Amino acid sequence: MVFTSFFKLVMSQSSSNNSSPLTHFDAQGQAHMVDVGAKASTHRVAVATGAIQMLPATLALVQSGTAKKGDVLGIARIAGIQGAKRTSDLIPLCHPLALTRVAVEFEIPTSSAIPTIVCRATAETVGQTGVEMEALTAVQVALLTIYDMCKAADRGMTITDVKLLEKQGGKTGHWVAP
């Protein structure tokens, strides 16, 4: 009932051609996979970020490489790349993509009041649909891996501020988060 009301509101506010800004729903409000067959293949890039906050002792374990499960950031980097590659298996209406590049990087800001590891993921493809979900999934999976590898030392870690920073390519062109 709530979804139906929301969908009707969105449809009533959409453009005069009666297309919804919610592309994964048809005119009847049914979920469907978007047809990208007629779209041109273009170079597409997406950059996402997120962070995990933790106790000082937990960050020290990560930085020293003495966590019980091993090289936390090295394993989290590989997990993030794997997450990007498996996005369409996790998000039901995502198209499987032939990714041409996935990079996952970590930064430990020294100015942060709370010990934090920031993750930044870049996903690229040449294709008919964007790679925003792949970049976002890479960040989430990398941060979840850090949590998993450090939870014995700190169950209070917080994953926060996951968002898209930038996307390039496709019909909508270049977008940068405000």
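Anything mentioned here points back to the structure above.
Quick caveat: nothing in here was measured; it's all calculated off a predicted structure. (Residues numbered from 1 in each chain as written. Predicted model: local features only at pLDDT ≥ 70, side-chain atom pairs only at ≥ 80, totals over all residues. Heavy atoms only, no water.)

Q: Give a detailed account of the overall build of the chain, specifying residues and quantitative values.
A: Summing up its helical and strand segments, the chain has five helices and five strands in all. Considering the chain as a whole, with its 178 residues, one finds that 37% of them fall into the buried category. A separation threshold of at least 6 residues defines the contact pool for the chain, and within that pool the share at least 24 residues apart is 67%. Entry remark: accessible area of the chain is about 10,200 Å², with carbon and sulfur atoms responsible for 57%. (Helix = DSSP H or I, 4+ residues; strand = E, 2+ residues; numbered from the N terminus. Buried < 20%, exposed > 50% of the residue type's maximum accessible area, 1.4 Å probe, protein only. Contact = heavy atoms within 4.5 Å. Areas by Shrake-Rupley, 256 points an atom, 1.4 Å probe, with all protein chains shown as cover.)

Q: Break down the sheet that holds strand E5 (residues 175–176) for me, with residues and values.
A: In spatial order, the strands read E2-E3-E1-E4-E5; together these five strands make up an open sheet with antiparallel pairing. At either margin of the open sheet sits one strand with a lone partner, and together these are strand E2 (99–107) and E5. Pairing analysis gives eight bridges linking strand E1 (residues 42–53) to strand E4 (residues 158–168), with the strands arranged antiparallel. When the sheet's bridge partners are listed, Thr49 is paired in E4 with Lys163. Here helix H3 (residues 72–85) sits on the sheet and contacts E2 and strand E3 (116–127); the angle it forms with E2, its principal contact strand, is near 145 degrees. (Pairing = 2+ DSSP bridges. Axes fitted to C-alpha atoms, helices over the stretch in contact; angles between N-to-C directions.)

Q: Go over the nonpolar core, please, and point to the residues and values.
A: Buried together is how nonpolar side chains tend to be arranged in soluble globular proteins. Formed by 29 residues in total, the largest nonpolar core has its most connected members in Val104, Phe106, Ile117 and Ile146. Secondary-structure elements contributing two or more residues to this core are E1, helix H2 (56–64), H3, E2, E3 and helix H5 (132–150). Considering each element in turn, this core owes the most residues, eight residues, to H5. Those residues in contact with Phe106 that lie beyond four places of it in its chain are Leu73, Ala76, Arg77, Ile117, Val118, Cys119, Ala142 and Ile146. (Core = buried A, V, L, I, M, F, W, Y, C linked by side-chain atoms within 4.5 Å.)

Q: With reference to specific residues and values, describe the pairing of E3.
A: Counting buried residues in E3 gives nine out of twelve residues, a clear majority hidden from the surface. For E1 and E3, the ladder comprises twelve bridges, and the chain directions are antiparallel. When the bridges of E3 are listed, Val45 appears paired with Glu124.

Q: Break down a nonpolar patch on the surface for me, citing the residues and quoting the values.
A: Side chains of Leu90, Ile91 and Met133 sit close together on the surface and give an oily, nonpolar patch of about 240 Å² of accessible area. Here Met133 shows up in helix H5. (Patch = residues over 30% accessible without salt bridge, like charges linked within 9 Å, V, L, I, M, F, W, Y side chains within 5 Å. Salt bridge = Lys/Arg side-chain N within 4 Å of Asp/Glu carboxyl O.)

Q: Kindly report on the packing of H3 against H5, identifying the contributing residues and their values.
A: Where H3 contacts H5, the axes come no closer than 7 Å and their chain directions differ by 145 degrees. Relative to H5, H3 is oriented so that their crossing is right-handed. Mapping the contact onto sequence places Val72, Leu73, Ile75, Ala76, Ala79, Gly80, Gly83 and Ala84 in H3 and Glu134, Thr137, Ala138, Val141, Ala142, Thr145, Ile146, Met149 and Cys150 in H5. Residues of the contact of H3 with H5, tallied by class, amount to twelve nonpolar, four polar and one charged. (Left-handed = near helix turned anticlockwise from the far one by under 90°. Nonpolar A, V, L, I, M, F, W, Y, C, P; charged D, E, K, R; others polar.)

Q: Give me the lowdown on H3, citing residues and values where you can.
A: With 14 residues, H3 should reach 20 Å at 1.5 Å per residue; the first-to-last C-alpha distance of 20 Å fits that figure. Among the residues of H3, Val72, Leu73, Gly74, Ala76, Ala79, Gly80, Gly83 and Ala84 are the ones counted as buried. For H3, the elements touching its buried residues are H2, helix H4 (87–90), E2, E3 and H5. (Expected span 1.5 Å × (residues − 1).)

Q: Can you tell me about the pattern of salt bridges, naming the residues and giving the values?
A: Considering all chains together, one arrives at four salt bridges under this definition. In this structure, Lys69 and Asp148 form a salt bridge, with 3.6 Å as the shortest nitrogen-oxygen distance. Taken together, the residues span a long stretch of sequence, with Lys69 in the loop between H2 and H3 and Asp148 in helix H5 at a distance of 79 residues. Accessibility expressed as a relative area gives 46% for Lys69, which makes it partly exposed. Two residues, Asp148 and Lys151, come together in a salt bridge whose shortest N-O distance is 2.4 Å. For Asp148, a relative accessible area of 34% puts it in the partly exposed group. Lys151 sits in the partly exposed class, given a relative accessible area of 24%.

Spatial relationships are all this shows, so hold off on functional conclusions.
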